[in-house]
Amino acid sequence: MNKKNLVVLLCLVLLMAAAVVAAVSMKGYTKADEDMIIITVDGKEYKRVPLSQPQTVTIAQDNGEVNVVEVSDHGAVMASSTCKNQQCVHMGEVTVENWEYRPNQAFIICLPNRVSVELAVKQQSK
């Protein structure tokens with residue numbers, strides 16, 4: 001890959017990342033009737049998993065991309081991914097206890113595979 005193509009590719013990746021961050025920032029976090037994980041693929045909801053029902057969710061897409069999300073009783077982690085950079089795996093676990101303090105807050109995002117994992121927190125009654 002020549003230098004010009006590399007710069008174009010880098011710009012496209014940064015632009016896509018900025019778009020995801022902007023969309024997440026505008027949306028805010030999701031409130032729910034119970035704490036749950038919402039998994040989306042290509043911008044469409046794939047599955048909702050209440051934290052009261054821990055499980056492993058494998059997202060196998062038609063193009064061969066695979067992500068594995070492990071949902072526990074307190075949060076979720078991207079256990080594995082077929083993406084090259086593995087940043088989603090290194091984002092660590094999002095939990096009810098830490099989501100407000102994480103750099104990505106309530107999200108784990110696999111940009112290359114277009115998969116996002118969101119922690120939706122229970123609405124607090126006032």
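Scroll up for the structure.
Reading guide: rules and limits
- Residues numbered from 1 in each chain as written.
- Predicted model: local features only at pLDDT ≥ 70, side-chain atom pairs only at ≥ 80, totals over all residues.
- Heavy atoms only, no water.
- Helix = DSSP H or I, 4+ residues; strand = E, 2+ residues; numbered from the N terminus.
- Buried < 20%, exposed > 50% of the residue type's maximum accessible area, 1.4 Å probe, protein only.
- Contact = heavy atoms within 4.5 Å.
- Polar contact = N/O pair within 3.5 Å; in protein donor to acceptor, adjacent residues only side chain to side chain.
- Core = buried A, V, L, I, M, F, W, Y, C linked by side-chain atoms within 4.5 Å.

Trainee: Explain unusual backbone geometry to me, please; I cannot follow it from the model alone.
Mentor: Despite not being glycine, Gln-86 has its phi angle at roughly 60°, a positive value. Within the secondary structure, Gln-86 sits in the loop between strand E6 (75–81) and helix H2 (87–90). Owing to a relative accessible area of 23%, Gln-86 belongs among the partly exposed residues under this scheme. Positive phi values are uncommon outside glycine, yet Arg-114 reaches one of about 60°. Assignment of secondary structure puts Arg-114 in the loop between strand E8 (107–110) and strand E9 (115–122).

Trainee: Please clarify how the environment of Gln-55 should be interpreted in this entry.
Mentor: Along the polypeptide, Gln-55 turns up in strand E4 (residues 55–60). Discounting chain neighbours no more than four positions away, the residues touching Gln-55 are Lys-47, Val-49, Val-69, Glu-70 and Val-71. Of note is the side chain of Gln-55, whose polar atom sits 3.2 Å from the backbone oxygen of Gln-53.

Trainee: How should the nonpolar core be read in this particular structure?
Mentor: Soluble, globular proteins show a tendency: their nonpolar side chains are buried together. Counting 23 residues, the largest nonpolar core has Ile-37, Val-69, Met-78 and Leu-119 as its most contacted members. Secondary-structure elements contributing two or more residues to this core are strand E2 (36–41), E4, strand E5 (66–71), E6, E8 and E9. Among the elements that line this core, the one with the most residues is E9, at four residues. Other than its neighbours up to four places away in sequence, Ile-37 contacts Lys-47, Arg-48, Val-49, Leu-51, Val-71, Gly-75, Ala-76, Val-117, Glu-118 and Leu-119.

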